[in-house]
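Inside the fold
What follows is each chain in one-letter form.
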Amino acid sequence: MKPLIRQLSNAKSHYFLGSQGVNYEYRIKGNQEGDAIVMLHNLGMDCRVFLPNIDALAEDFLVVAISLRGHGLSDKPKSGSADAYNLSALVQDVIEITWNLEVQRFHLVGHGLGAIIGYEILKQDTDSLLSLTSISAPVSNGSLKELNKINSKVNGLTSRMMKQKQLANIAAKFVSDNEQTISFVRDEIFYGSDFKILKNFKALLESVDYTEVIQESTLPMLLIEGEFDFMTESRNGKKAMQDMLALMGDYYPHAHQVIHNTGHIPSLDD
């Protein structure tokens, strides 16, 4: 695998208080005259996962990387219940933040959960999107099963009396074989994460299937999958990826790319 680019962006954290009383962290940088790119991270991560990518994009675009509720320096809803983390709330968060920044249309780059939010915006508010890039996202039931297996393993780990650093090290090795990616995710992201939050998202991840949405939409899309992603290495995962390749070949022959020799976080591995 290629080494992780460790030149991190100096985009500073900003905050926005939403209508539901949740304070959100986001990082913003770039060309105010260019199109906007909104970047949404995966479950258990935060906006820092995009730090190695922001500067290159910011040369031509206005880049906004958001930490979803309960992640990073964004607030955790006081109720702490699964209802506080439903897809409608997550979509509303993104729309509120972007409108506050006077960004009414944008390219969305979503990793995992971030891409799921992107598909939900595509269903509910298509006019907001200029394009959708989906990274390592469970867009069909087959890949979803593999994600839930990992989610269950991590939940199992959190129930043991482990030190946070030890837990972060184990979790980082789930998502990559690249030592620099593991180091970055472990030390910069997972060590500061509250893995208990994963339990709140269990119901959200039980019935996701966006194949029909992809079929019916005319929006430009790019689906990025790591060849050695845990979601695509198993039998179910490989079949799900093959099904998606066939689907994209039939409907969007230009819009699916498999990133070879990467794991679950292609944007860091390569």
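Structure: above.
To keep things clear, this report deals only with the structure shown in the data block.

The rules we used
- Residues numbered from 1 in each chain as written.
- Predicted model: local features only at pLDDT ≥ 70, side-chain atom pairs only at ≥ 80, totals over all residues.
- Heavy atoms only, no water.
- Helix = DSSP H or I, 4+ residues; strand = E, 2+ residues; numbered from the N terminus.
- Buried < 20%, exposed > 50% of the residue type's maximum accessible area, 1.4 Å probe, protein only.
- Contact = heavy atoms within 4.5 Å.
- Axes fitted to C-alpha atoms, helices over the stretch in contact; angles between N-to-C directions.
- Parallel < 35°, antiparallel > 145°, perpendicular 65-115°, else oblique.
- Nonpolar A, V, L, I, M, F, W, Y, C, P; charged D, E, K, R; others polar.
- Phe/Tyr/Trp six-rings, centres within 6.5 Å; stacked < 30°, edge-to-face > 60°.
- Salt bridge = Lys/Arg side-chain N within 4 Å of Asp/Glu carboxyl O.

Looking at the overall build of the protein chain
- For the protein chain, the helix and strand inventory stands at 10 helices and 8 strands.
- Counting across all 270 residues of the protein chain, residues that qualify as buried make up 54%.
- Nonlocal contacts in the protein chain, meaning residues at least 24 apart in sequence, comprise 74% of its contacts between residues at least 6 apart.

A short note on the packing of helix α2 (residues 87-100) against helix α3 (residues 113-124)
- Following both chains from N to C, one finds α2 and α3 inclined at 85°, their axes separated by 10 Å at the closest point. Between α2 and α3, the interaxial angle falls into the category roughly perpendicular. Contacts between α2 and α3 involve Leu87, Leu90, Val91, Val94 and Ile95 from the first element and Leu113, Ile116, Ile117, Glu120, Ile121 and Gln124 from the second.
- Class assignment of the residues belonging to the contact of α2 with α3 gives a composition of 9 nonpolar, 1 polar and 1 charged.

Points about the packing of aromatic side chains
- Summed over all chains, the structure comprises 1 aromatic pair.
- Between the aromatic rings of Tyr119 and Tyr210, the centroid separation amounts to 4.9 Å while the plane-to-plane angle is 15°, which identifies the pairing as stacked. Of this pair, Tyr119 sits in helix α3 while Tyr210 sits in the loop between α6 (179-189) and α7 (211-216), and the two are 91 residues apart along the sequence. Pair check on accessibility: Tyr119 and Tyr210 agree, each one buried.

Some thoughts on the pattern of salt bridges
- Tallied over the entire structure, the rule returns 6 salt bridges.
- When the shortest N-O distance is used, the salt bridge between Glu25 and Arg27 registers 3.9 Å. For the pair Glu25 and Arg27, a shared accessibility class is recorded, and that class is buried.
- For Asp187, the salt bridge is made with Arg186, and the minimal N-O distance between the two is 2.8 Å.

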